[in-house]
Amino acid sequence: MNSTFNAFLNTYLQIFYSCFPKIIVNKTTSNKQWITKGIINSCKWKKELYLLTRSNKDIQLKEYYMKYSKILSKVIKTAKILHHNNQIIHSNNKIRMTWNIIRNETGGNSTKYDKVNTLNTDKEYNKSVNAEIFNKYFLTIAENISCKITGSNKQILNCTKNSLSYLSQVFNLPFLNTVFHNTSTGEIEKIIHTFPCKNSCGYDEVSVKILKVSAPFISSPLCHIINTSLNSGVFPTRLKYSITTPVHKKGDKNNMSNSRPISLLTSFSKIFEKNYI
């Protein structure tokens, strides 16, 4: 089962990465929305005038450059004032917008997220340490809660160590037999098209958008793999992995108990789960 799915996924990813190679894009964002094409052209002309004044000792040219610089400074100042006034007028929260403008102009701190404190200042080291800290915390939550159970609940604690014995004591009636029916290519395509069109993806970097485009070409092999999984009772190992991200809820961001884990599953695992339900 795993070998069949691995062969399918490797072929799919090979085609996917060849069609969508990674490209490094240096995107620079600017908050100076008040800059117009006229101001840009004026700044270029000011720079040319400055270079001319350096290579030329003409007094009239220097005086013209000084006057031009003063006029350009007034134009820039007026453009900024008009832009900020327009932002405040059309804002729902004028006080908040005013303070945002003040922070942007004075270079105030605009960081939104705090990181867990670590002793080392190396960024790459901190990333791995923070991931290990969160991973250890989330993995031991259930164990820490069970250790706090005392007194009359000791019997339950002993039962939880063996899940089968615990279930047999809690549920007196036997479980009903579950029967899975084989799927079809049409059903798989319907399932894929019911997914919301998002760019989020798992560790394989395949989003639902890409999955919907390739649905007619992968529905047949997926149908065979899912039916094999249903008949054998084996879930592909590579679909058991996810990207877990801690999301802050409230309170101190350095306290890990104030965060909750969000898991990003692969798009293929969602297809398998929909067929199992």
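Rules and cut-offs
- Residues numbered from 1 in each chain as written.
- Predicted model: local features only at pLDDT ≥ 70, side-chain atom pairs only at ≥ 80, totals over all residues.
- Heavy atoms only, no water.
- Helix = DSSP H or I, 4+ residues; strand = E, 2+ residues; numbered from the N terminus.
- Buried < 20%, exposed > 50% of the residue type's maximum accessible area, 1.4 Å probe, protein only.
- Contact = heavy atoms within 4.5 Å.
- Expected span 1.5 Å × (residues − 1).
- Polar contact = N/O pair within 3.5 Å; in protein donor to acceptor, adjacent residues only side chain to side chain.
- Core = buried A, V, L, I, M, F, W, Y, C linked by side-chain atoms within 4.5 Å.
- Phe/Tyr/Trp six-rings, centres within 6.5 Å; stacked < 30°, edge-to-face > 60°.
- pLDDT = per-residue confidence, 0-100.

## Remarks on the overall build of the protein chain
No. 1: If you tally the helices and strands in the protein chain, you get twelve helices and two strands.
No. 2: Starting at the N terminus, the α and β elements of the protein chain follow one another as α-α-α-α-α-α-α-α-α-α-α-β-β-α.
No. 3: The buried share of the protein chain, reckoned over its 277 residues, is 23%.
No. 4: Considering only residue pairs separated by 6 or more positions, the protein chain has 61% of its internal contacts joining residues 24 or more positions apart.

## Topic: helix H3 (residues 59-89)
No. 1: Given a rise of 1.5 Å per residue, 31 residues ought to cover 45 Å, and the 45 Å separating the end C-alpha atoms of H3 matches this to within 8%.
No. 2: Looking at H3, one finds that the buried residues are Leu61, Tyr65, Tyr68, Ser69, Leu72, Ala79, His83 and His84.
No. 3: Residues of H3 that are buried make contact with helix H2 (37-55) and helix H4 (94-106).
No. 4: The distance from a side-chain oxygen at the start of H3 to the backbone nitrogen of Gln60 is 3.2 Å, and the residue carrying that oxygen is Asp58.

## Some points on the nonpolar core
No. 1: Within the largest apolar cluster, 25 residues are counted, with the highest numbers of intra-cluster contacts made by Phe5, Leu211, Leu222, Phe268, Ile271 and Phe272.
No. 2: Only helix H1 (2-19), helix H9 (185-194), helix H10 (208-213), helix H11 (215-232) and helix H12 (267-276) provide two or more residues apiece to this core.
No. 3: Here this core takes seven residues from H11, the largest share from any one element.
No. 4: Apart from residues lying up to four places away in sequence, Phe5 is in contact with Ile225, Pro236, Arg238, Leu239, Phe268 and Phe272.

## Comments concerning the packing of aromatic side chains
No. 1: Using the criterion set out here, one finds 15 aromatic pairs in the structure.
No. 2: On the numbers, 5.2 Å between centres and 90 degrees between planes, the contact of Tyr12 with Phe268 is edge-to-face. Remark: Phe268 occurs in helix H12 and Tyr12 occurs in helix H1; sequence separation between them is 256 residues.
No. 3: The exposure class assigned to Tyr12 is buried, which follows from its relative accessible area of 11%.
No. 4: With a relative accessible area of 0%, Phe268 lands in the buried category.

## Quick notes on the confidence of the model for the protein chain
No. 1: Per-chain confidence: the protein chain averages 80 in pLDDT, with 80% of residues scoring 70 or above.
No. 2: pLDDT under 50 marks residues 110-121. Its contacts with residues more than four places away, or in other chains, come to 16 contacts.

## Some thoughts on unusual backbone geometry
No. 1: The phi dihedral of Glu205 is positive, around 65 degrees, even though this residue is not glycine.
No. 2: Position of Glu205 among the secondary structure elements: in the loop between H9 and H10.
No. 3: The class of Glu205 is partly exposed, set by a relative accessible area of 33%.

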